[in-house]
Amino acid sequence: MTLYVKQDSLIHEIDPITKVIYAFVAALLPYILPSHTVALIVLVISIMLLVVGKVFRKIIPLIGLSLFLIVSLVIIQGIFRPDNVTPLFHFGPIIFYKEGLSYGLLLMLRVINLLCAFGVLILTTKPDDLIQSFIQKGMSPRIGYVIGSVLQLIPQMSATIATIKDAQRSRGLETEGSLLVRIKAFLPLIGPVIMNSLISTRERSIALEVRGFNAKQKKTFLHEVHTYKYAKVIQAVLILIFIFAILWRIFL
Amino acid sequence: MLSCGGFSYEKIIVENLKYKYPDTDQLALNDVSFEVEEGEVIGIVGQNSAGKSSLCLALTGLIPHFFNGAYGGKVLIDGIEVKTSTITDLSQKAGLVFDNPFTQMTASKYTVYDEIAFGLENIGVSREEMIERVDWSLKMMGIENIKDKNPFDLSGGQMQRVAIASVIAMRPEILVLDEPTSQLDPQASEEVFRVIQQLSQEGITIVIAEHKMEKLASFTDRILLLYEGKQIDFDTPQKVFSRDDLHDYGVVPPIFTTYCKAMGMKNKKTNTYPVTLAEVSSLLGGENNEWNKS
């Protein structure tokens, strides 16, 4: 359950922390400077990075998923925005206004931009590399473990739920039909699921304990998170842009 | 930690161990005392809730450090007292493998190789040594071919071997296995028993709780028989499985022993019944009259 795409590219070589900073700066810039031009520029940069990272095709289904939200944003803003004054076109009695459509477009750019910016991070960074970087920056290894294991435990858990559901159905439990039937089936399903996860959680924590999870020693790492030559420079530039944008917004 | 020099000595010393889980009335372990020498293979037998798992947990420090409850007596692992040590320190002395292969996977690693390195990362082993130890573990378990796979994509038997590899990578001198094959099919069980025997040949002291008596009889040096938390017997497989009251303790002896008992075939010299096929055949006049215990 990870979106990471293994590729050989310049973007994959950049260290995770730099990409995290990029994702946040790129996602926030169009909010700090609310103009279409800024949003468009940042979006184009993110898309370029995705293309360089050879993962552009992977972002399209993600944008597609949010298309419903995006389109409804534009329509609703176009029709109902309070400061709508200039009618642009109409379908029968429904009038679309320039101001609303323009604002809807900005919202749309922001959403797509957010997806692309985090896409650069998530599609080109191995989750365990990302977590390891955070641990090395001082995050607690326990929190790191929780984040890392959730990604793999959720599919495990849904498999367990499916097994329990089948088992209960084979004993005659009705799980399909009217709402009332489904509600009645909920308890016999959720009970075993909870018991089962409690037991496996206890067993897994034993397995972790005997492998030194609570060790007081400083942790070492099997893999070196690759450092990127220009990481510091890129990070500095990104943070400068960010500060500059805030100052711009405040003083100009 | 200093090792105690070159002489052979007791790896495990258990003295009057008593333990009661929180919120229970019955002692899970009731006055258990035994000693295990370096390199020995010990089998723990007994019916369900006889205290096998509790004893395994007590040998690895999870009792009393993970499970609270009333604890009495003393357990010494390689000269270290369990009660005053920590699970992390003990994990480098005595490793624990248990029955469920799924829950022994950390779920935070994406390859078998990384999974095995997990414990070594935690205890701060240097990268070079980590790689060396992981490679050694993979080789010992015969799982080099699956090192790049996701642990959850493996079969139960492979997963259990990964679990053992992860534990032996910590280089414990003692390996404690709590019914390691109870959730595996016969072929996978066979593989797991094979690697356990191989570890024994490497000189690792092994304590194994199991229900497969034929297997235990064939490769253990001594058997510890538990019943309702009490220690009933601690002797060679031949002596323990020849006991007439074995059924009272809910233990079924190896099929060979049952057969020979029914036929009245006893080894006159030792006054015990055979416990393995090899012993039966030698009793029936095979090539060597001495029981060839492997």
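Under an unreviewed UniProt entry, the name given to chain B is ABC transporter related protein, and the source organism is Caldibacillus thermoamylovorans. The annotation that UniProt attaches to chain B under Sequence similarities (unreviewed entry) is "Belongs to the ABC transporter superfamily."

What UniProt records for chain A under Subcellular location (unreviewed entry) is the sentence "Membrane".

> Mind showing me how you'd approach the overall build of chain A here?
When helices and strands are counted, chain A shows nine helices and two strands. In terms of C-alpha radius of gyration, chain A reaches 24 Å, well past the compact-globule figure of 18 Å for 252 residues. Judged by the C-alpha coordinates and their principal axes, chain A covers about 65 × 60 × 35 Å. For chain A, long-range pairs separated by at least 24 residues make up 69% of all intrachain contacts whose partners lie at least 6 apart in sequence. When the accessible area of chain A is evaluated, it comes to approximately 15,200 Å², of which 72% is carbon and sulfur surface. The distance from the centre of the 25 positive side-chain charges to the centre of the 13 negative ones in chain A is 2 Å.

> How should the pairing of strand 8 (residues 205-209) of chain B be read in this particular structure?
A regular strand places its side chains so that they alternate between the two faces of the sheet. Residue and element names in this part refer to chain B. Along strand 8, five of the five residues are buried, which leaves the element largely enclosed by surrounding structure. Residue alternation in strand 8 divides its side chains into two sets, T205, V207 and A209 and I206 and I208, and both sets are buried. In the sheet, strand 3 (residues 41-45) pairs with strand 8 via four bridges, with the strands oriented parallel. Residue V41 lies in a different strand from strand 8, and its bridge partner there is I206. Where strand 7 (residues 174-178) lies against strand 8, five bridges are found, and the strand directions are parallel. Considered in strand 8, the bridge of I174 is made with T205. Note on the crossover from strand 7 through helix 7 (residues 186-201) to strand 8: the handedness is right-handed.

> I tried to follow the nonpolar core on my own but got confused; where do I start?
Soluble globular proteins: nonpolar side chains tend toward being buried together. Residue and element names in this part refer to chain B. In terms of nonpolar packing, the biggest core is built from 56 residues, with I116, M141, I164, L175, L199 and I206 touching the most fellow members. Of all the elements, helix 6 (residues 156-168) adds the most residues to this core, at seven residues. In contact with I206, other than residues within four places in its own chain, are E40, V41, I42, L175, L177, I196, L199 and S200. In this structure, I12, L29, L62 and A209 belong to the second largest nonpolar core, which totals 39 residues.

> Looking at this structure, how should I read the pattern of salt bridges?
A pair can form between side chains of opposite charge whenever their charged atoms are brought close. Tallied over the entire structure, the rule returns 17 salt bridges over all chains. We note a salt bridge from R81 of chain A to D83 of chain A, for which the minimum N-O separation is 3.0 Å. With relative accessibility at 22%, the residue R81 of chain A sits in the partly exposed group. With its nearest N and O atoms 3.0 Å apart, the salt bridge here joins R161 of chain B to E191 of chain B. Of this pair, R161 of chain B sits in helix 6 while E191 of chain B sits in helix 7, and the two are 30 residues apart along the sequence. Looking at R161 of chain B, the relative accessible area reads 8%, which means it is buried. For E191 of chain B, a relative accessible area of 23% translates into the label partly exposed. Residues joined by salt bridges that share partners form a network here, namely K11, D78, K93 and E173 of chain B.

> How do you make sense of the domain arrangement of chain A when you look at a structure like this?
Many authors give the size of an interface as the accessible area that is lost as the parts come together. Looking at the assigned domains, one finds that chain A contains domain 1 (10-125 + 225-251) and domain 2 (134-209). When each unit is reduced to the centre of its C-alpha atoms, the spacing between domain 1 of chain A and domain 2 of chain A is 35 Å.

> Please explain the side chain of R204 of chain A as it appears in this structure.
The topology assignment puts R204 of chain A in helix 8 (residues 179-209). Residues contacting R204 of chain A, with those up to four places away along its chain left out, are Y145 and L153 of chain A together with F102, T103, M105, T106, A107 and F152 of chain B.

Parameters at a glance
- Just so you know, the residues in each chain are numbered from 1, in the order the chain's sequence is written.
- The naming scheme follows written order: chains are lettered A onward, ligands numbered 1 onward.
- Given that this is a predicted model, residues contribute local features only at a pLDDT of at least 70 and side-chain atom pairs are listed and counted only at 80 or more, while totals for whole chains, interfaces and linings are drawn from all residues.
- Here the side-chain values reflect all heavy atoms present in the structure, with hydrogen atoms and water set aside.
- UniProt positions are given in the numbering used here, feature names are shortened, and annotations may be inferred rather than shown by experiment.
- Helix numbers and strand numbers start at the N terminus; a helix is a DSSP run of H or I with at least 4 residues, a strand a run of E with at least 2.
- This radius of gyration counts C-alpha atoms alone. The globule rule is 2.2 Å times how many residues there are, raised to the power 0.38.
- What makes two residues a contact is simply this: any of their non-hydrogen atoms within 4.5 Å.
- Methods summary: accessible areas were calculated by the Shrake-Rupley approach with a probe of 1.4 Å, and residue burial reflects only the protein chains presented.
- Residues scored as positive are Lys and Arg, those scored as negative are Asp and Glu, and His as well as the terminal groups of each chain are ignored.
- For charged residues, the charge sits on one atom: NZ in Lys, CZ in Arg, CG in Asp, CD in Glu.
- For each residue, the accessible area found with a 1.4 Å probe, counting protein chains only, is set against the maximum for its type, and the residue is called buried under 20%, exposed over 50%, and partly exposed in between.
- Should DSSP find at least two bridges between two strands, the strands are regarded as paired.
- Seen with its strands pointing away from the viewer, a crossover is right-handed when the path leading from the first strand over the helix to the second is clockwise.
- In plain words, nonpolar cores are sets of buried Ala, Val, Leu, Ile, Met, Phe, Trp, Tyr and Cys residues tied together by side-chain atoms within 4.5 Å.
- What makes a salt bridge here is a side-chain nitrogen of Lys or Arg within 4 Å of a carboxyl oxygen of Asp or Glu, nothing more.
- Each domain's extent was defined by an automatic or database domain assignment.

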